[in-house]
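Fold and geometry: a report
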Amino acid sequence: MNIAVFASGRGSNLMAILNAIKEGKLNAKVSVVISNNSNAGALTIAKENGIDALHISRKQFSSDEDYVKKILSELRARNVELIVLAGYMKKIPPEIIREYPNKILNIHPALLPAFGGLGMYGMNVHKAVIDYGVKITGVTVHIVDEEYDHGPIVMQKAIEVKDDDTPETLAERVLKIEHEIYPEAIKLFVEGKVIVSGRKVMIKNED
Ligand code: GAR
């Protein structure tokens, strides 16, 4: 299956996906990496791995329509069947969501629906978790719909927030979990094991 990864930043989740593919744990190909940020580490990782690395930003286009057309044409040209957001900080236009129904995934560094939504990304999330004083946090993989951090939940894993955690120490432990569960969640989609019914995501049994 051809996958497109959309990423805005350093790209450690992209790296975890590529490692899972190399190790034979995930039978898929990252055909293209798209970033709104020309300096994204994710674009460098893509190039180093011989993957097409595209900088596509809304600012390069005079209309939303042209912007969406460009992204869709790059995806279609590579027969992309699944879009994986890995630290992508822009909203996915509705036309793309309609073209890829239940086929766009996102990873969020908290247990949704807590600590999600506009402005809740990266370190902001871990700061908010610590400021609120919750005792557990974690990682959520969900299907992307038209609202930020809102679509049906595919997988979650919780970890404890320790009394002496700082946003940085928490981010480090959460990121480790992200790198473990994102390839696992993607695998379920690649293997066609996911059934979506409204907000409910069910995983088909092995037999
Ligand atoms: C990850 O922690 C990811 O969960 C988060 O951005 C980071 C990207 O790191 N995404 C969000 O906050 C989305 N709301 P990476 O570039 O090293 O994969």
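Each chain carries its own residue numbering, running from 1 in the written order of its sequence. Selection of residues for local features in this predicted model requires a pLDDT of at least 70, selection of side-chain atom pairs for listing and counting requires 80 or more, and totals for whole chains, interfaces and linings are taken over all residues. Hydrogens and waters are ignored; side-chain quantities use all the structure's heavy atoms.

Using a probe with the size of a water molecule, rolled over the atoms, empty space left in the structure can be pinpointed. For cavity detection a 1 Å grid was placed over the protein atoms alone, and a set of points counts as a cavity when a 1.4 Å probe fits there but cannot get out; an open set counts as a pocket when protein lies on both sides within 12 Å along at least five of seven lines, with lining residues being those that have an atom within 4 Å of a point. Grid points are joined across faces, edges and corners, and a volume is the space filled by probe spheres set on the points. Reported here for the largest pocket is a volume of approximately 750 Å³. Around the largest pocket, the lining comprises 38 residues; the ones closest to its centre are Gly87, Tyr88, Met89, Tyr121 and Gly122. Numbering of helices and strands runs from the N terminus, with a helix taken as a DSSP run of H or I at least four residues long and a strand as a DSSP run of E at least two residues long. Put simply, the parts of the chain that give the lining of the largest pocket at least two residues each are α1 (12-22), β5 (104-108), α5 (123-132) and α6 (167-190). Ranked by residues supplied to the lining of the largest pocket, first place goes to α6 with 4 residues. Grouping the constituent residues of the lining of the largest pocket by class yields 16 nonpolar, 13 polar and 9 charged. Polar here means any residue other than Ala, Val, Leu, Ile, Met, Phe, Trp, Tyr, Cys and Pro, which are nonpolar, and Asp, Glu, Lys and Arg, which are charged; Gly is therefore polar.

All right, on to α6 then. Expected helix span is computed as 1.5 Å times (number of residues minus one). Here α6 is 24 residues long and its end C-alpha atoms lie 33 Å apart, about the 34 Å a rise of 1.5 Å per residue gives. Positive backbone phi, at 65°, marks Gly192, one or two positions downstream of α6.

For the rest of this paragraph, the subject is the packing of aromatic side chains. For any pair of aromatic rings, geometry is given as the distance between the ring centres together with the angle between the planes. Only the six-membered ring of Trp is used, alongside the rings of Phe and Tyr, when aromatic pairs are assigned; centres must lie within 6.5 Å, and planes under 30 degrees apart are stacked while those over 60 apart are edge-to-face, with the rest tilted. Across all of its chains, the model carries 3 aromatic pairs by this definition. With 6.0 Å between their ring centres and 50° between their planes, Phe61 and Tyr67 make a pair best called tilted. Residue classification places Tyr67 among the buried positions, given a relative accessible area of 7%. With a centroid separation of 6.0 Å and an interplanar angle of 80°, the aromatic rings of Phe115 and Tyr132 are classed as edge-to-face. Of the two residues, Phe115 sits in the loop between β5 and α5 while Tyr132 sits in helix α5, which places them 17 residues apart along the sequence. Exposed residues in this analysis have more than 50% of their type's maximum accessible area, buried residues have under 20%, and partly exposed residues fall in between, with area computed by a 1.4 Å probe over protein chains only. For Tyr132, a relative accessible area of 65% puts it in the exposed group.

The next thing to look at is the site of the ligand. The ligand sits among 16 residues. The nearest are Arg10, Gly11, Ser12, Asn13 and Glu178. A distance of 2.8 Å separates an oxygen atom of the ligand from a polar side-chain atom of Glu178. Note on areas: these come from Shrake-Rupley sampling with a 1.4 Å probe, and a residue is covered only by the protein chains present in the view. Here the ligand, which alone exposes 450 Å², has 93% of that area covered by the protein. Grid points define the cavity or pocket, and a molecule sits in it when more than half of its atoms lie within 2 Å of them. Counting atoms within 2 Å of the grid points, the majority share of the ligand lands in the largest pocket. Sorting the residues of the shell around the ligand by element identifies α1, β5 and α6 as the ones contributing at least two each. Taken together, the residues that form the shell around the ligand break down as 6 nonpolar, 7 polar and 3 charged. One heavy atom suffices: a residue is near a molecule or strand as soon as one of its heavy atoms comes within 4 Å of it. The term polar contact refers here to a pair of N or O atoms within 3.5 Å; inside protein, the definition further demands a hydrogen-donor-capable atom paired with an acceptor-capable atom, and it admits residues adjacent in sequence only when both atoms are side-chain atoms.

Purely geometric numbers; function is a separate question.
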